[in-house]
Amino acid sequence: MSKVTYLSGDDSTIVDVDAGTSLMAAAVANSIEGIFGECGGNAMCATCHVFVEEGPHSALPPTSEAEDEMLDCTAAPRRTNSRLSCQIPMVPELDGLVLRIAEEQL
Ligand code: FES
């Protein structure tokens, strides 16, 4: 099990995430404010948008075409470190990742 930190406003929550679990599903299961996952993880809603703040960026999976298109529809303006957390399945190499939820989603 690996740890991911979710930053929501001034709150910081460290969550243990099983390998294979998406970072959206882990957030929803732990009631992380601002992550909704309305489409169930199908890259169709952008309610799981996060900014990757710190950690092993090189271990992140590449952004798919569907994710890339949906990142243009986020509530907060897209940044270079924007990702859809539903498109990131946990792998041990991502241990220590820090994700921020945009103020617009809170
Ligand atoms: Fe809908 Fe990620 S849960 S895009």
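Refer to the structure presented above.
Residue positions are given per chain, counting from 1 as you read along its sequence in written order. Given that the model is predicted, a residue must reach a pLDDT of at least 70 before its local features are reported, and side-chain atom pairs must reach 80 or more before they are shown or counted; all residues, however, enter totals for whole chains, interfaces and linings. Processing note: side-chain calculations cover all non-hydrogen atoms of the structure and skip hydrogens and water entirely.

A. Summary view of the nonpolar core. Think of a nonpolar core as a cluster: buried Ala, Val, Leu, Ile, Met, Phe, Trp, Tyr and Cys residues, connected wherever their side-chain atoms sit within 4.5 Å. Buried residues are those whose accessible area, probed at 1.4 Å on protein chains only, stays under 20% of the maximum for their type, while exposed residues exceed 50% and partly exposed ones sit between those limits. Among the nonpolar cores identified, the biggest contains 26 residues, and V4, Y6, L23, I35, L84, L97 and L99 are the most heavily contacted of them. Of all the secondary structure elements, the ones that give two or more residues to this core are strand 1 (2-8), strand 2 (11-17), helix 1 (23-29), strand 3 (49-54) and strand 5 (97-101). In terms of residue count, helix 1 provides more of this core than any other element does, four residues in total. Note on contacts: a residue pair is in contact if any heavy atoms of the two residues lie within 4.5 Å. Apart from residues lying up to four places away in sequence, V4 is in contact with T13, I14, V15, V17, L23, M90, L97 and L99. In this text, helices come from DSSP runs of H or I with a minimum length of four residues, and strands from runs of E with a minimum of two, each type numbered from the N-terminal end.

B. Expanded view of unusual backbone geometry. With a phi angle near 55°, A43 is a residue other than glycine that sits in the positive phi range. You can see A43 is positioned in the loop between helix 1 and strand 3. With relative accessibility at 9%, the residue A43 sits in the buried group. Residue A46 is not a glycine yet carries a positive backbone phi of 65°. Among the structural elements, A46 can be located in the loop between helix 1 and strand 3.

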